[in-house]
Amino acid sequence: MRIFCLFIFLLSIQSAFAREVISYQPPFQADKKATKIQYDFLTSVTKPWKICAVYPHLKDSYWLSINYGMVKQAKKLGITLKVMEAGGYPNLDKQTWQLQNCREWGADAIILGTVDSQAYNGKLSQLIGDIPVFLMTNNIDFTDPDIREHVKAKVGVNWYDMGKAAGEYLAKRHPKGSGVVKVAWLPGPQLRGGTKPVSRGFKDAIKNSDVEIVTTLWGDNSKELQRNLIQHLFTTKEDFNYIVGGAVAAEVAISELRTHHIHDVKIISTYLSHGVYRGLRRNRILFAPTDKMAEQAMLSVDQAVRYLEHKPVVLDVAPSIVDLTPNYLPPKVIAESLSPAEFRPSFYVKDHEVKH
């Protein structure tokens, strides 16, 4: 068997460069259990493997930070990395073409951030042949036989836990009997990405509290669409105490609340971005969990290369989720999460350098 998980072996590794991550057992299962392990990244390769990475988009700094972590690890190892992005979750046709393009390019492995968890059911082999696929960030339907055959490993937190973290923060602020507070809930695109599990996690966490969702507005993660949703909130005259949603919604909410001179509505984000980080630092955003996007991307590259090098692979792995507030912003966690300010999207890496 070419791919396997030396779980006990990894648990015993305690090098100066090891990072604490989450290993899920059994891998890819709905009822999997999370265990903390120490993880060492590869530092060298036997050949400059060709890895093709396909993202849903690069419209927000979440995926920009994914891009940064992937480029960083590709440069370090000296592999060849080709990156493509679909331009948004509705663009399934474009991402389908990009997967075919990876095959035509001669990729040794494909890292997939899918726009739709079920769109490739029964179709993946037609698009990529026998190229091994490594799932990153967004989930896919592992009950499908074709998916199970081609997807070798996965990196990504359970998005339910991200929503749950935001809900638990609010529930602790407003326990049952403390007085009802109302939430405008803007989780992101309704049919794509990880927004449905985020929504379930958030709602489960607030069940036994005085937090009440009074309106839910879905929309793709673009600033224009999220701004339209928040402006719509103001026209409805709906009474709410919090705007809770994805990072793009949280970022837009800061400026919109300021523009409308609204000072009594608070903001919570379900994930981290550069704008959310600035909002936390300035006390404009109360809370955001981070799933360490840059580290996720490094793990994904490491998974793919380990498989190609016939080395031990942790099959289902994720960074540890960290809760961030204005009073808790550890520099190490931020560095594992966000790309540096000067980083720009990079689409091709070869010979330890970004090529343009």
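Here the structure is a predicted model, which means the values were calculated and not measured. (Residues numbered from 1 in each chain as written. Predicted model: local features only at pLDDT ≥ 70, side-chain atom pairs only at ≥ 80, totals over all residues. Heavy atoms only, no water.)

J.: Please set out the sheet that holds strand β2 (residues 33-39) residue by residue, giving values where relevant.
T.: Read from one edge to the other, the open sheet built from ten strands follows the order β2-β1-β13-β7-β6-β5-β3-β4-β15-β16, with strand pairing classed as mixed. In this open sheet, the two strands that pair with only one neighbour each are β2 and β16 (353-354). Along the sheet, helix α11 (residues 293-308) contacts β1 (19-25), β2, β3 (50-55), β5 (109-112), β6 (133-136), β7 (151-155) and β13 (316-319); its crossing angle with β7, the most-contacted strand, is approximately 155 degrees. (Pairing = 2+ DSSP bridges. Helix = DSSP H or I, 4+ residues; strand = E, 2+ residues; numbered from the N terminus. Contact = heavy atoms within 4.5 Å. Axes fitted to C-alpha atoms, helices over the stretch in contact; angles between N-to-C directions.)

J.: I'd like a rundown of the state of the cysteines, residues and numbers included.
T.: The tally for this structure, following the rule as stated, stands at one disulfide. Note on cysteine connectivity: Cys52 is disulfide-linked to Cys102, with sulfurs 2.1 Å apart. Judged by the torsion about the S-S bond (-65 degrees), the Cys52/Cys102 disulfide is left-handed. Here Cys52 is found in strand β3, whereas its partner Cys102 is found in helix α3 (residues 92-105), with 50 residues between them in sequence. An identical accessibility class is assigned to Cys52 and Cys102; each is buried. (Disulfide = S-S within 2.5 Å. Buried < 20%, exposed > 50% of the residue type's maximum accessible area, 1.4 Å probe, protein only.)

J.: Can you lay out the packing of aromatic side chains for me, pointing to particular residues and giving the numbers?
T.: Following the criterion strictly, the structure yields eleven aromatic pairs and no others. Judged by centre distance (5.6 Å) and plane angle (35 degrees), the rings of Tyr55 and Trp63 are tilted. In this structure, Tyr55 and Trp63 share a single accessibility class: buried. With centroids separated by 5.3 Å and ring planes inclined at 85 degrees, the aromatic side chains of Tyr62 and Tyr271 adopt a geometry described as edge-to-face. One end of the pair, Tyr62, is in helix α2 (residues 61-77); the other, Tyr271, is in the loop between β11 (266-269) and α10 (274-281), with 209 residues separating them in the sequence. Accessibility expressed as a relative area gives 3% for Tyr62, which makes it buried. The exposure class assigned to Tyr271 is buried, which follows from its relative accessible area of 7%. Among the aromatic side chains, those forming a connected cluster through ring pairs are Tyr55, Tyr62, Trp63, Trp159 and Tyr271. (Phe/Tyr/Trp six-rings, centres within 6.5 Å; stacked < 30°, edge-to-face > 60°.)

J.: Give a description of helix α6 (residues 159-173) that names residues and reports values.
T.: Given a rise of 1.5 Å per residue, 15 residues ought to cover 21 Å, and the 22 Å separating the end C-alpha atoms of α6 matches this to within 8%. Taken together, the buried positions of α6 are occupied by Trp159, Met162, Gly163, Ala165, Ala166, Gly167, Tyr169, Leu170 and Ala171. With a side-chain oxygen lying 3.0 Å from the backbone nitrogen of Tyr160, the N-terminal cap of α6 falls on Asn158. (Expected span 1.5 Å × (residues − 1). Polar contact = N/O pair within 3.5 Å; in protein donor to acceptor, adjacent residues only side chain to side chain.)

J.: Please give an account of helix α9 (residues 247-259) that cites residues and values.
T.: Note that an α-helix has 3.6 residues per turn; residues three or four places apart therefore point the same way. Spanning 13 residues, α9 covers 19 Å between terminal C-alpha atoms, matching the ideal 18 Å at 1.5 Å per step. Ala253 marks the point of greatest bend in α9, at about 25 degrees. Across the 13 residues that make up α9, a large majority, eleven, are buried. Within the sequence span of α9, burial applies to Ala247, Val248, Ala249, Ala250, Glu251, Val252, Ala253, Ile254, Ser255, Glu256 and Leu257. (Bend = angle between axes of the 7 residues up to and from the residue.)

Distances and angles like these do not, on their own, reveal function.
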